[in-house]
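Fold and contact review
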Amino acid sequence: MENTVLRLILGDQLNECHSWFSHVDKSVVYVLMEVRSETDYVRHHVQKVVGFFGAMRLFAARLRSLGHRVHYITLDDPNNRQTLTENCRLLIEHYKAKRFEYQEPDEYRVDEALRSLANSLPIETQCVSSEHFLSARDELKRLFSGKRTYLMERFYRAMREKWNVLMEADGHTPLTGRWNYDAENRKRLPAGVRGPKAPSFERDVSDLVALLEQSGVLTIGRIQPTCFDWPLTRSESLQLLEHFVQYRLPLFGDYQDAMSQFDALLFHSRLSFSLNTKLIHPMEVIQRAVAEWQAHPERIPFSSLEGFVRQVIGWREYVRGVYWAEMPRYRALNFFEHTAPLPEWYWTGHTRMNCLCHAISQSLERAYAHHIQRLMITGNFALLLGVNPDEVDAWYLGIYQDAIEWVELPNTRGMSQFADGGIMGTKPYVSSANYIHRMSDYCSNCFYDFNQRYGPKACPFNALYWDFYNRHAARLRANPRIGMVYRLWDRMDKVEQQRILAHAQHLKEQVSHL
Ligand code: FAD
Ligand code: SF4
């Protein structure tokens, strides 16, 4: 008992390939716990809580089957003190542990809590790498040392070189001579095109749903307890990866930005939950995609492969780098000083705006929306309306299966809301109905007319778009990437401008009835 080493495994550290598990050591007890401090710091989607707890339970069973000792604390365990740190103290005492170890947490909040726990313990402690990411926490900060902004493209190229992914033999030239295929990866979805049928991982999670209800955990969204369909193990995650590279990757690039009310997933991978819980490693995902392209270059366009690799080795590592470079100040940034409340229909989907109704209802139903739905529908509207970024963050952090602060915060507050004033992006991601009409089939079934700027049937995105640029002219006019917008606005008839602004004001006053 006295020689026991306690090793804490957090709910997003379910990496069975970690060197911790390379051999069985009976003096080591692995600890996993379901705690209220994690279920309650924001209101989560019910599928998200069930997904995390379900994956943790299966991971604990997997470790036991490999011969490891595991102490698992369920949410309703009478000895559960409901915080990570208090439970760790209790277990250290219980096992009379001589040493406490944990893996580098990905969230600032948890990192601070565990660091302060470790500092206060009278025994040896150690924080080890989670052996998951392709860049160190401070790698982006070092790369951009002395710079005010972080260019994703530069970071992405550095990562490709570092890991020799899609590079020529010299290690510096990108394969095909081009780094970036974004221009090819923005096609509109032809009518009737749907993504392939996804593999099913249906399982009965009624016990977990009942546990949350009995414990009084407040959640959002819907769940079908008898056929819960997220991959919760490493082998299911690998199955999803296999399905993706074979059936979705070929068209991933082409329709990466497309949106359809008939297909939530299109050609996206749905791998983010598996990646963020560390059930699978980003490099194995990349290598599998590259291998499939090497085997079938006639079937998989290079632009698709590059588009996918960019997401995983580029965007995913990049947002993590921004998070650690800028926390904790990042979560309080509000460049536009936006204060409007989030419309209440973000929690129900009850709006006549078809794009928002669809993206929100789908998120409540599936805890999933793809990147462009998050950025150019829900995020775009919140930014145009001037919603307080704290409320936008809470919504995104709660509603998506893959939402963990290190990845949610830079994407939401930075990329989507431009609340960092341009640390991540060179200009705000906003659009009028034009973009949504071009990239989706939403507008054809909408109560509103995407062509009109004002009037009872005018698409709200249009007036709010001009209102946004007009009210933030002092902050944005000098931005060379936005010059064209202001030239168009300036050339517009003054009466037309006034009508647009008056309509925008009316929309803001009536927002709950849109
Ligand atoms: P695919 O389109 O198949 O992409 C493949 C993988 O690339 C994803 O699984 C993901 O791991 C990675 N990836 C792609 N884009 C990004 C990105 N911008 N940042 C980080 N990783 C990326 N992603 C999260 O994992 N958690 C979040 O909480 C989250 N919040 C977001 C909030 C907003 C406002 C926006 C605009 C984006 C957010 N994203 C978040 C990024 C992206 O939308 C999701 O990673 C993606 O939609 C997950 O679906 P998928 O697995 O089918 O992705
Ligand atoms: Fe959305 Fe406007 Fe198109 Fe309706 S018309 S779906 S509100 S963009």
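Residues numbered from 1 in each chain as written. Chains lettered and ligands numbered in written order. Predicted model: local features only at pLDDT ≥ 70, side-chain atom pairs only at ≥ 80, totals over all residues. Heavy atoms only, no water.

Focus on helix 12 (residues 354-366)
Here is the rule: Here a strand is any run of E in DSSP of at least two residues, a helix any run of H or I of at least four, and the numbering for each starts at the N terminus. By this rule the span expected of a helix is its residue count minus one, scaled by 1.5 Å. Exposure is judged per residue with a 1.4 Å probe applied to protein chains only, and the accessible area is read against the type maximum: over 50% gives exposed, under 20% gives buried, and values in between give partly exposed. The contact definition used throughout considers only heavy atoms, calling two residues in contact when any of these lie within 4.5 Å.
For helix 12, which comprises 13 residues, the first-to-last C-alpha distance of 18 Å matches the rise-based estimate of 18 Å (1.5 Å per residue) to within 8%. Here helix 12 has its buried residues at N354, C355, L356, H358, A359, I360, Q362, S363 and L364. Buried residues in helix 12 make contact with helix 13 (371-385), helix 14 (389-399), helix 16 (433-439) and helix 17 (460-471). A367 sits one or two positions beyond helix 12 and adopts a positive phi of about 55°.

Quick look at the nonpolar core
For the record, the criterion: We call a set of buried Ala, Val, Leu, Ile, Met, Phe, Trp, Tyr and Cys residues a nonpolar core when their side-chain atoms join them within 4.5 Å.
Residues L356 and F381 are the most contacted members of the largest nonpolar core, which totals 149 residues. Counting residues per element, this core draws most heavily on helix 11 (residues 302-326), at 12 residues.

A word on the site of ligand 2
What counts, and what does not: It suffices for a single heavy atom of a residue to lie within 4 Å of a molecule or strand for the residue to be listed as near it. Each residue is assigned to one class: nonpolar for Ala, Val, Leu, Ile, Met, Phe, Trp, Tyr, Cys and Pro, charged for Asp, Glu, Lys and Arg, and polar for all the others, Gly among them.
Around ligand 2 sit M353, N354, C355, A433, I436, Y442, C443, C446, Y448, F450, C459 and F461, and that is every residue in its neighbourhood. Breaking the shell around ligand 2 down by element, the ones donating at least two residues are helix 12 and helix 16. Here the shell around ligand 2 is built from residues that sort into 11 nonpolar, 1 polar and no charged.

A closer look at the domain arrangement of the protein chain
Filter applied, for reference: The start and end points of each domain follow an automatic or database-based domain assignment. Accessible area that two parts lose when put together, with a 1.4 Å probe and added across both, is what the buried area reports. The rule for a salt bridge is simple: a side-chain nitrogen of Lys or Arg has to be within 4 Å of a carboxyl oxygen of Asp or Glu.
As far as domains go, the protein chain holds domain 1 (5-128), domain 2 (139-202 + 214-326) and domain 3 (344-513). Centre-to-centre separation of domain 1 and domain 2, based on C-alpha positions: 28 Å. Contact with domain 1, which involves 29 residues of that partner, is made by 22 residues of domain 2. Together domain 1 and domain 2 conceal approximately 2200 Å² of surface at their shared face, both sides included; 61% is due to carbon and sulfur atoms. Along the contact surface separating domain 1 from domain 2 lie 2 salt bridges. For K278, the salt bridge goes to D106, with nearest N and O atoms at 2.4 Å.

Digging into the pairing of strand 4 (residues 99-103)
Rules: Strand pairing is defined by DSSP finding a minimum of two bridges between the two strands. Looking down the strands as they point away from you, a crossover is right-handed if its path from the first strand over the helix to the second goes clockwise.
Most of strand 4 is tucked away, with 5 of its 5 residues classed as buried. Along strand 4, one buried face is formed by R99, E101 and Q103 and the opposite face, lined by F100 and Y102, is buried too. Bridging between strand 4 and strand 5 (residues 124-128) involves 5 bridges; their strand directions are parallel. In the sheet register, R99 faces strand 5, and the bridge partner there is E124. Note that the unit made of strand 4, helix 4 (residues 108-120) and strand 5 has a crossover that is right-handed.

Some thoughts on the sheet that holds strand 2 (residues 28-33)
Strand pairs in the sheet, formed through backbone hydrogen bonds, run parallel or antiparallel to each other. For clarity, the threshold we go by: Simply put, an axis is a line fit to the C-alpha atoms, just over the touching stretch for a helix, and the angle between two N-to-C directions goes from 0 to 180 degrees.
As summarised here, the arrangement of the 5 strands in space is 3-2-1-4-5, forming an open sheet in which the pairing is parallel. With partners counted over all chains shown, the strands left at the sheet margins are strand 3 (69-73) and strand 5, one partner each. Along the sheet, successive strands turn relative to each other by an average axial angle of 20°, direction set aside. Helix-sheet contacts for helix 2 (residues 46-65) involve strand 2 and strand 3, and the interaxial angle to strand 3 is about 155°.

Some details on the side chain of D402
Here D402 lies in the loop between helix 14 and helix 15 (405-416). Relative accessible area serves as the criterion here: at 10%, D402 is assigned to the buried category. Leave out the neighbours within four places in its chain, and D402 touches S272, F273, N276, R374 and V407.

Let's talk about the site of ligand 1
To keep it simple, the criterion reads: Counting of polar contacts relies on pairs of N or O atoms within 3.5 Å, with two restrictions inside protein: one atom must be capable of donating a hydrogen and the other of accepting it, and residues adjacent in sequence are counted only when both atoms are side-chain atoms. The method behind every accessible area is Shrake-Rupley, applied with a 1.4 Å probe, and residues are considered shielded solely by the protein chains displayed.
The full set close to ligand 1 counts 30 residues, and H268, S269, R270, N276 and Y368 are the nearest of them. In the model, an oxygen atom of ligand 1 is placed 2.8 Å from a nitrogen or oxygen of the N276 side chain. H371 has a polar side-chain atom sitting 3.2 Å from an oxygen atom of ligand 1. Taken by itself ligand 1 offers 820 Å² of open surface, and the protein chains cover 99% of this. When contributions to the shell around ligand 1 are tallied by element, the ones reaching two or more residues are helix 9 (272-276), helix 11, helix 13 and helix 15. Tallied by class, residues from the shell around ligand 1 come to 15 nonpolar, 10 polar and 5 charged. Looking at which domains feed residues into the shell around ligand 1, each of domain 2 (139-202 + 214-326) and domain 3 (344-513) gives three or more.

Concerning the packing of helix 13 against helix 15
Definition in use: Throughout this description, any angle smaller than 35 degrees is read as roughly parallel, any larger than 145 degrees as roughly antiparallel, any in the 65 to 115 degree range as roughly perpendicular, and the remainder as oblique. By the definition used in this description, the sense in which the near helix is turned from the far one sets the handedness, with an anticlockwise turn below a right angle giving left-handed and a clockwise turn giving right-handed.
Packing of helix 13 against helix 15 brings their axes to within 10 Å, and their N-to-C directions diverge by 55°. With respect to each other, helix 13 and helix 15 are oriented oblique. Helix 15 is crossed by helix 13, and the crossing has right-handed handedness. The segment helix 13 lies against helix 15, with H371, L375, G379 and L383 engaging N411, M415 and S416. Here the residues of the contact of helix 13 with helix 15 are counted per class, giving 3 nonpolar, 4 polar and no charged.

A closer look at helix 6 (residues 152-163)
Since there are 3.6 residues in each turn of an α-helix, residues three or four apart along the chain are aligned in direction. The criterion, for reference: What the arc covers is the set of directions going from the helix axis to the C-beta atoms.
The end-to-end C-alpha separation of helix 6 is 16 Å, in line with the 16 Å expected for 12 residues at 1.5 Å each. Every buried residue of helix 6 is accounted for by M152, E153, F155, Y156, M159 and R160. Taken end-on, helix 6 shows its buried residues confined to a sector of 160°, consistent with a single buried face. Where helix 6 is buried, its residues touch helix 5 (139-143) and helix 11. The first or second residue beyond helix 6 is N164, which carries a positive phi of 50°.

Considering the pattern of salt bridges
Across all of its chains, the model carries 39 salt bridges by this definition. Between R36 and D40 there is a salt bridge, with the nearest N and O atoms lying 2.9 Å from each other. Taken together, the residues span about one helical turn, with R36 and D40 both in helix 1 (residues 36-40) at a distance of 4 residues. The partly exposed category is assigned to R36, whose relative accessible area is 22%. Exposure remark for D40: the relative accessible area of 40% places this residue in the partly exposed category. With a shortest N-O distance of 2.7 Å, D393 and R413 are connected by a salt bridge. With a gap of 20 residues between them, D393 in helix 14 and R413 in helix 15 connect regions that are remote in the sequence. R413 matches D393 in its accessibility class, with the two residues each being buried. Members of the salt-bridge network, linked through shared partners, are E104, D111, R115, R137 and R320.

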